[in-house]
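Commentary on secondary and tertiary structure
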Amino acid sequence: MYEIVRKEVLNDAAYEMDIYAPQVAKKAEPGQFVIVRVGEDGERIPLTIGDYDPQKGTITIVVQAVGFSTKQLEALEVGDSVTDFVGPLGVPTHLTADKKHVIGVAGGIGSAPVYPQLKKLADLGVKVDVIIGGREKQYVLWADKFAQFCDHVYIATDNGEVGTKGFVTDVLQKLIDDGEQFDEVIAIGPVIMMKNVVRVTKPYNIPTSVSLNPIMVDGTGMCGCCRVTVDGKIKFACVDGPDFDGLTVDFDELMARQRMFKEEEHYVDEHADR
Ligand code: FES
């Protein structure tokens, strides 16, 4: 069993937890994920690692309560435990000091997986900036944490409550138009956001890394559920990713596959006992 040692409600839909899992924390690297299960019959929930502390033995996860299982996890409090906490899974992000300027683009809970990647780049001496987006102020996550090492923290909200009124892509396009040079863009958030970031970066051929979140079951390359098409080839996000070259990802296929079990998910969320 893996104990929840800290829990913080971030907004009306998302929460952050530190889970005590020393073996996972010892090996975790930016870009990797864990699979969490609540109860013996629980669904396996893949979650990208937001932060990790090998000294304390903790992993930080940020979860959006959108369905039955994530709401089941949300109901747990400090001192409660999850049944399984498997990881770190996936390929760590290839982060090197050979870039001059990298910008992260984080949508909603995408702030969590962007954070360790930019932090590592900053530690390597790379200049890093971030654009954080959310529908309104409460959904703009981790701005303070990014400010500790980013040169600029840009914010975009749909309603203009904080930062630029508009989308993260509006901010990114303006920075490019103003002459900013980026060696790489790291975009993580809703699939539609990542697709639109690529729409901005592709004409300039700016390398763009995205983290894909297809439906997963085993997380070890056995079931094939997480297949995505990248550069015309089938890849399994759990073992070949979750990071991929965004310029070559088939986002439309990914969105269609994510919708496949929407009805069933909705039914379970409405009818199951928690
Ligand atoms: Fe089964 Fe990736 S989750 S192959």
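Report follows, based on the coordinates. (Residues numbered from 1 in each chain as written. Predicted model: local features only at pLDDT ≥ 70, side-chain atom pairs only at ≥ 80, totals over all residues. Heavy atoms only, no water.)

**A short note on the sheet that holds strand β1 (residues 2–9)**
The five strands are arranged β5-β6-β2-β1-β7 in an open sheet whose pairing can be described as antiparallel. Because the sheet does not close on itself, it has two edges, and the strands there are β5 (51–53) and β7 (81–82). Of the pairings in the sheet, the one linking strand β2 (residues 14–20) to strand β6 (residues 58–64) comprises seven bridges and is antiparallel in character. Its bridge partner lying in β6, Tyr-15 is registered against Val-63. (Pairing = 2+ DSSP bridges. Helix = DSSP H or I, 4+ residues; strand = E, 2+ residues; numbered from the N terminus.)

**Considering the sheet that holds strand β14 (residues 208–211)**
Sheet strands pair by backbone hydrogen bonding; their relative direction is either parallel or antiparallel. If you walk across this open sheet you meet the seven strands as β12-β11-β10-β9-β13-β14-β17, and the pairing is mixed. A single partner strand is all that each edge strand has here, and the edge strands are β12 (164–165) and β17 (243–245). Pairing of strand β9 (residues 101–107) with strand β10 (residues 127–134), which is carried by seven bridges, proceeds in the parallel orientation. In the strand pairing of β10, Ile-103 is matched with Asp-129. Strands in contact with helix α5 (residues 168–177) are β9, β10, β11 (152–157) and β12; relative to β10, the strand with the most contacts, it is inclined by about 145 degrees. Of the strands in this sheet, β9, β13 (184–188) and β14 are in contact with helix α6 (residues 191–201), which crosses β13 at around 160 degrees. (Contact = heavy atoms within 4.5 Å. Axes fitted to C-alpha atoms, helices over the stretch in contact; angles between N-to-C directions.)

**Notes on the pattern of salt bridges**
Per the counting criterion, the structure on display carries twelve salt bridges. Of the charged contacts, one joins Glu-16 and Arg-6 as a salt bridge, the two residues approaching to 2.5 Å between their closest N and O atoms. Linking Glu-16 in strand β2 with Arg-6 in strand β1, this pair joins segments that are ten residues apart in sequence. A residue is classified by how much of its surface remains accessible, and Glu-16, at 5% relative accessible area, is buried. The shortest N-O distance in the salt bridge between Lys-119 and Asp-123 comes to 4.0 Å. Taken together, the residues span about one helical turn, with Lys-119 and Asp-123 both in helix α3 (residues 111–123) at a distance of four residues. Accessibility expressed as a relative area gives 30% for Lys-119, which makes it partly exposed. Given the relative accessible area of 59%, Asp-123 is considered exposed. (Salt bridge = Lys/Arg side-chain N within 4 Å of Asp/Glu carboxyl O. Buried < 20%, exposed > 50% of the residue type's maximum accessible area, 1.4 Å probe, protein only.)

Take it as geometry only, folks, not as evidence of what the structure does.
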